[in-house]
Structure formats: structure tokens, C-alpha cells
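Next come the chains, spelled out residue by residue.
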Amino acid sequence: MDNSRRKFLKIAGLTAIAGIGAPTAFNSLLKGEVHASTATEGCYPAAEHGVVTATSGKRLGFVIDTKKFAADRDLSKRCIEACHSIHNVPDFGNKKDEIKWIWVENYEHAFPDNSQQKVSEEVEKLPIMTLCNHCQNPPCVRACPTQATFKNAEGATMMDFHRCIGCRFCMAACPYGARSFNWRDPRPFIKKENPEFPTRMRGVVEKCLMCYERLAEGKLPACVEVAQPAGAMFFGDLNDPSSEISQVLKEKFTIQRKPSLGTKPSIFYII
Amino acid sequence: MYDKNKIIPGLIVFVGLVTFPIWYGFGGGGKLPNPEKPTIAKQCVMPTEEMRKSHMVLLNQWRDDIIRMGGTRKGVTADGTDYVRSLQKGCMKCHASKKKFCDECHNYAAVNPYCWDCHLQPKEAN
Amino acid sequence: MIEKALTGDSRYWTWMTCLLVLMGIGGFCYTQQFNYGLGYTGMSRDVSWGLYISQFTFLVGVAAGGVMLVLPYYLHNYKVFGRITILGEFMAVAAVSMCLMFILADLGQPMRALNVILHPTPHSILFWDMIVLNGYLFLNLVGGWVILNSEKKQVPPPKWVKSLIYISIPWAISIHTVTAFLYCGLPGRHYWLTAILAPRFLASAFAAGPSLLVICALVLRRYTDFDAGKEAINKLLTIITYAAILNFFFVGLELFVAYYSQIPGHMDTIDYLFFGLKDADGIMYNNLVGPMRFSALIGISATIALLFPKMRENYCTVGWLCGAIFLSLWIDKGLGLVLGGFVPSPLEYITEYYPSAGELGITLGVWATGAFILTILYKTAISVKLAKES
């Protein structure tokens, strides 16, 4: 190829790239009305990409009194039913495809770091309500490559199912096994659809979302609403020293799941 | 031209295939979409032309604002009607039939948005 | 230059046709998976990564192994590798292509894959993995192709290509370090949570990659006129031996830490992999014990065998030994690492994993596609080299 032709092709190529790139850059810089999705990298305006260890600001959390759940064995079933029914959580009937947002574990599975050598009979039989811990330092949020999972301003670890690419890195990262994946289309396996809440589609990860939609209407999370009359669950702002939940935490001894990992869970258990 | 007998007919066939979309429905233009307007409310969230152009942008903005920024679910139209900023609990409450509203334009434009794989559509009254 | 891949004898076309059939089977299986969802595979809530991610992890190592040809030649002027660096670069291209295909096959929503670019997330290692893998693909493809083209035209390559080659050397280390970071930064998985995971990955990469290279060189020697040369192959075997020794040494270090400290979090997965693990109900799970022990046996034996110069004289033996090391590391990294990391689950349950038939079909299809790409690139490369040398 002779020199002038090479030069022409080089200039043509660069022009093409500039021609395609410039309007895009122009649009996004000048228009100002950037897609809301690119402007909101996470939640807290002041904080970095989604990893928030906020000591100030709202931090919603749970205290679960396992003894009260033990006293009423049916209570845990009603909590689970409340959550799974209003959120259209499917029931596939097999362990492989299983999706669960909240469920019951026994003490040795929920707290494997605590000694199992000699456990009292009472503790052995305690039903431990297990759900996403809504960690303040969540490894799943760190891992997500698209910020499909993120911390919101109320302290909940949230998910945006539109953005999830289904890589399941968050499932590998979660130290608590709180997340489930839609291995197939969930619609045929939803017992009764709740028309007020969407379902998910195959190929996305899902978990407890702290009933963000109910909190927005001033209601309590579904499981708390069921358990609160029995005094089995407390819910509120952990960062507010005058809230009920802060009082409970001041008075009662509580434990958390795998605290040595530094995830700072927002769920406390009274054993 | 070498192989004139093969090339000219081949070219004609090729041009015919490539221009198929143009001449297949020629003169008809296809049936224009006729989305059924809701009877409950008089005004939509935004003017019709704007909605036609950018209802997807609006939905994405609602989503990011509500989920990521903790924005409000409450919206008000220009004529003072309250609405819920939500596809399932807002848009579909007025535009209550996916088949008679949403699908009309989507089918015409041959787009297949997967919104309703997750967002439950109102039960069609048959 | 790629037209050289369109000519070949009947054995070449038979090979390519077989590969195309396997690719077709893989493609069909993928359409089934795309429509059904990832439940098509053997993965479950507890074992959420399976064959696809394990193959991807192993192949990143194979791709990084190509640097073992590039580094001595370009940084230290080791002329013996001069004829075959292109083989290393093209093998890296094929391996990285397979990695990307496996990642796409594993995604629950592959149509949204570009979200990783649309919403860049520097605190996520998967974001960096996407960058380094695509970068490495570009570096090796462009670098290798340009140099080969210059050789064909018998002119010196353009100066800018050297920068690409020099960048590709630390980049090769980075791709496997970043892949190791995917695993070793997750607080809930104690089998992976070790600083030595990245060195282990690199050591096994530098044993597995060159092993495959040696096998390819021997195949080329058998079926074409291209002979890599005894000195080059011997040097590669030396590199493989040292890397394999390092790898098994690192494994030994892991075993010491786990079994001397007696901490269950460290021991449990290794127990599951090599001895079987019982859950709280006393049920024994040991489906990986056979493969893992087999892997250790052939890996260590082949490494020891390679220490003896007599073993390197016969190319047939060399082929078997390299194959043994490759297979051993494939089982260790492919099956043991990824599947073991999910046992026991964070809630101390044991769920075992078996790939489904469709999953195996897709895996075979991707491996066939990689072999297809490799064959085309190698055919081009050796056609150019042989034409130049005659």
C-alpha cells in the first residue's frame, strides 16, 4: 500500500471513531439529563460505590427473639408465609431450584462458629429465623459487577432486578447463604400471585429486600408485622438511640451470625 | 462480463430479497396501532407525544429514583390527579389491558419488551 | 493470511468437521439452556457455580501460560523460543476466547452482559476480570497477528508492536491474579480465603499452559513439517517441572496450615475433596474423592518423572507426562477448586454437584470452539513459518 493511501485510511478511521464518539460524549455532558441510572452510582451521595459503613444516617435492623419463636412453633411458618406470599416467591418443590427469602434453621446451622460440643436441649431446638442480614459492610455489594445489589439510604441491602446479569458472584460472596437464584422461570410455581408486587424472571438472583415497598408506605416488614404482637421481632433504626430496638439491644444479650467476618450484620438474635 | 447468464439473474434475485420489506407491503402501510385509551383518568403522566417518545426513559428514571435514591412513589399529573410512580401499580391501573393498549404499538413496531416477564399484567377481561 | 487455514489435507478437514459437529451440539444445547434457564445445568442454590466457571478459571491459567514463551524470548533474548512464541500467543487467544464463552454461557441474563461496561464498578473484581481478559485477548491477537504478518512479508515488524508484547507479559500475570482475586477475597468461603491462592494459580498456570503447548508442538511435529526443536521442548519441560514442583509445594503448604491448625474452616473442604465429608446427620459425601486422589497421583508422579533426563528423550513419554500434568491440574483447578469452595455451604450443609448432560454438551462445544480457533490460528502460523523457512 503506498503512503498516501495509508494516510487516508488512518485519517478516515480516526474520523469515524471521533464521529461516533463525539456526539455521545456531547450528549451525556451537555444534556445534563443523564440517564438516572448512570448518575446514581449506589445510594449515599457522599459515599463510594455502594460500600457504606455508615455510623450516621438511618440504619434499619432487626432483633429476633428466638425464645418467643420457640414458644409458638407456628409463628415462624406464618412469618415465612407472609413474606413469600406477598413477594411472589415461587415454590419449586425441590432443593436444587429452591428460592427462599426467609426460613428456619436450627442453632448449629445458623451459628456454626458457636461451639456445638455441648448445647442445651432448649437451644438445640430453637427455630432461628434466617434471612439476609442486610450487612453494613456487605461482601455481596462489593462483589456485584453492575451494582445491581447495593445499600440504600435506610440501611437495607437492596437489589435492582433489571440490572442483574445473573453472574451469581454475590451468591458466592455471601457468607450467610442468604441468596437464591432463579434457575428457571418462576411464574408457574407461584401459588397465588400478588398483583401488587412483581415477580422475578429466570436468570436473576433474589433475596429479602427488607420490604422496601412496605417501608415506603409506612408499614413494617411483613415478617415483623406477623411476629411483633408476640414480641418475637423488633424492627427500627439501629442508629437512633431513642428507638425501641436500641432499647432492646441495650437491655438484652444478643448474638450475631459470623461476626468475625466483619460484615456488621443488622440482625441480632436473642438466644 | 464473464458468466453473464448466472450473474444477472443472481443479482436480480439478490436485489429482490434485499428489498423485500419495501415491496412486500407496498401501498398498504399496515394497520396503524390503535391503543385503547383509559376511561378512568383524562390525563396521563406526561403529554402523549412525550410518552410515546420516552416512556421507557421515564420508567427507568422512576426505577432508579425510587429504588436507589429512596424517591417518592407519589406523582401528580399536570391537572392535579394523583398517580403511583409504578408500572404495575400506576400505569397498568389506568391502562388496564396490556393487549388493547401496550401490545397495539409494540406489535406494530415489532418490539418485544420483557417488562411483563416480571411485572404482573392485569388480568385480561375476556 | 488466514486463507492458509482454508487449505489442508483430508485429516485436517476431518478434524475440523468433528470440531464443527461438537460445536453444533454445544450450540443446540445452549439454545435449550437459553430458553429454560440455568436450571438446565446441575447447579443448585448451594453450588451456584459449576462446570462453566471452573473451566473458565482453568483456561485463564492456560492462557497465562503463554507468557512462558514470550518472556524468555522478548525480555531475555532466548533465541531458541523465537520460532514458537507465536504458538504461545495464539494458544492464549484460543484459551481467552474459551474463557469469555464460558462466562457468557454461565450468565443468567446474557443479554445484559454489557451492563458490566454500562455501569462500571471498580470495587468489583468481575469488572476488572472483564477488562484484563479482553485486554489480553486484544494484546495477543493483534501482537501475534502483526508479527506473523511481518514475517510473511519478510519485513521487520512495526515498532509499536513491541510495546504490545512487553505489556502482555505483566498483563498475563495480572489476568490470573485477578481471577484468583475473584475467589480469595470472599469472606464466606474459607477454602478460597487464602493469600496463596494467587501464587497457586500462577504456578499451576505455568505448568498447565506450557504442558498444553508441548502437546501441541508434538502434534504439529507429527502431522506437519513444523518441528519446534528438541532444545525448545526441553526448556519448556524444565519450566513445566519447576512450575509443577512449586504448585505441589504450595498445595503442601495449604495442607499443613489446614491440618496442623486443625481449624474446621480450613480442613472441611480438603476433607471433602480427598477423604469425604460427613454432614451433621452422618451422611458421607465423597463424589470428588476419586478424581482428586487420581489427580494428585498422576500430577505428582509425572512431576517426579520429569525430573529424570532420560524421561525427556522419548517424545511419546513426554507427551504422556505433559498430558498427565495437564489432566491433573485440570481436575485440581477445574473440579476441586470451584466445586470444593461450595462445600460445606455457609450454613454448613453439603450439597454435591453433578453436571447435567446438556451442561456437558455446552462445555464440549466451547472446548471444541477453542480447538477450532486454535487450529485455524496454528494452521496460519505454521504455513507462514514453513513457507518462510523453505
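Residues numbered from 1 in each chain as written. Chains lettered and ligands numbered in written order. Predicted model: local features only at pLDDT ≥ 70, side-chain atom pairs only at ≥ 80, totals over all residues. Heavy atoms only, no water.

### So, the side chain of Glu 213 of chain A
Residue and element names in this part refer to chain A.
- Along the polypeptide, Glu 213 turns up in helix H9 (residues 212-215).
- This buried residue, Glu 213, is left without a salt bridge; Arg 214 holds the nearest opposite charge, at 5.7 Å.
- Among the polar contacts made by the side chain of Glu 213, one reaches the side chain of His 87 at a distance of 2.8 Å.
- Excluding residues within four positions of it along the chain, Glu 213 makes contact with Ile 86, His 87 and Phe 197. (Helix = DSSP H or I, 4+ residues; strand = E, 2+ residues; numbered from the N terminus. Buried < 20%, exposed > 50% of the residue type's maximum accessible area, 1.4 Å probe, protein only. Lys, Arg positive; Asp, Glu negative; His and termini not counted. Salt bridge = Lys/Arg side-chain N within 4 Å of Asp/Glu carboxyl O. Polar contact = N/O pair within 3.5 Å; in protein donor to acceptor, adjacent residues only side chain to side chain. Contact = heavy atoms within 4.5 Å.)

### Remarks on the interface of chain C and chain A
- Counting residues at the interface gives 45 residues for chain C and 53 residues for chain A.
- With both chains or domains summed, chain C and chain A bury close to 4000 Å², and 55% of this area falls on carbon and sulfur atoms.
- A per-residue breakdown of the area chain C buries against chain A is headed by Arg 45, His 123 and Leu 347 of chain C, which together make up 20% of the total.
- Between Asp 106 of chain C and Arg 168 of chain A there is a salt bridge, and its shortest N-O distance comes to 2.6 Å.
- For the pair chain C and chain A, the interface holds 34 residue pairs in polar contact (both at pLDDT 80 or more).
- When residues of the side of chain C that touches chain A are traced back to their parent elements, those giving at least two are helix H1 (10-36), helix H5 (115-118) and helix H6 (125-153) of chain C. (Buried area = accessible area lost by both parts, 1.4 Å probe.)

### Re the packing of helix H7 (residues 159-184) of chain C against helix H8 (residues 197-223) of chain C
All names here are of chain C.
- Close contact between H7 and H8 brings their axes to 8 Å; oriented N to C, the two are set at 135°. Considered as vectors, H7 and H8 are oriented oblique to each other. Considering the relative orientation of H7 and H8, their crossing is right-handed. Between H7 and H8, the residues in contact are Ile 173, His 176, Thr 177, Thr 179, Ala 180, Tyr 183 and Cys 184 and Leu 197, Ala 198, Phe 201, Leu 202, Ala 205 and Phe 206, respectively.
- Across the contact of H7 with H8, the residue classes break down as 10 nonpolar, three polar and no charged. (Axes fitted to C-alpha atoms, helices over the stretch in contact; angles between N-to-C directions. Parallel < 35°, antiparallel > 145°, perpendicular 65-115°, else oblique. Left-handed = near helix turned anticlockwise from the far one by under 90°. Nonpolar A, V, L, I, M, F, W, Y, C, P; charged D, E, K, R; others polar.)

### Focus: the pairing of strand S1 (residues 60-65) of chain A
All names here are of chain A.
- Most of S1 sits out of view: six of its six residues are buried.
- Burial along S1 is two-sided: Leu 60, Phe 62 and Ile 64 and Gly 61, Val 63 and Asp 65, pointing in opposite directions, are all buried.
- Summarising the sheet, S1 and strand S8 (residues 233-237) pair through five bridges and their orientation is antiparallel. Counterpart to Ile 64 in the pairing with S8 is Met 233. (Pairing = 2+ DSSP bridges.)

### Remarks on the packing of aromatic side chains
- Per the counting criterion, the structure on display carries 26 aromatic pairs over all chains.
- Between the aromatic rings of Tyr 107 of chain A and Phe 111 of chain A, the centroid separation amounts to 5.4 Å while the plane-to-plane angle is 45°, which identifies the pairing as tilted. Here Tyr 107 of chain A and Phe 111 of chain A have matching classes, each one buried.
- A centroid spacing of 5.7 Å and a plane angle of 20° characterise the contact between Phe 169 of chain A and Trp 49 of chain C, whose relative ring orientation is stacked. With one member in each of two chains, Phe 169 of chain A in helix H8 (residues 169-173) and Trp 49 of chain C in the loop between H1 and helix H2 (51-65) form a pair that bridges those chains. Of the two residues examined, Phe 169 of chain A and Trp 49 of chain C, each falls in the buried class.
- Its end group placed over the ring of Trp 116 of chain B, Lys 98 of chain B keeps NZ or CZ at 5.0 Å from the ring centre.
- The ring of Tyr 12 of chain C has Lys 379 of chain C lying over it, and the distance from NZ or CZ to the ring centre is 5.1 Å. (Phe/Tyr/Trp six-rings, centres within 6.5 Å; stacked < 30°, edge-to-face > 60°. Lys NZ or Arg CZ within 6 Å of the ring centre and 35° of its normal.)

These figures come from the coordinates and say nothing about function on their own.
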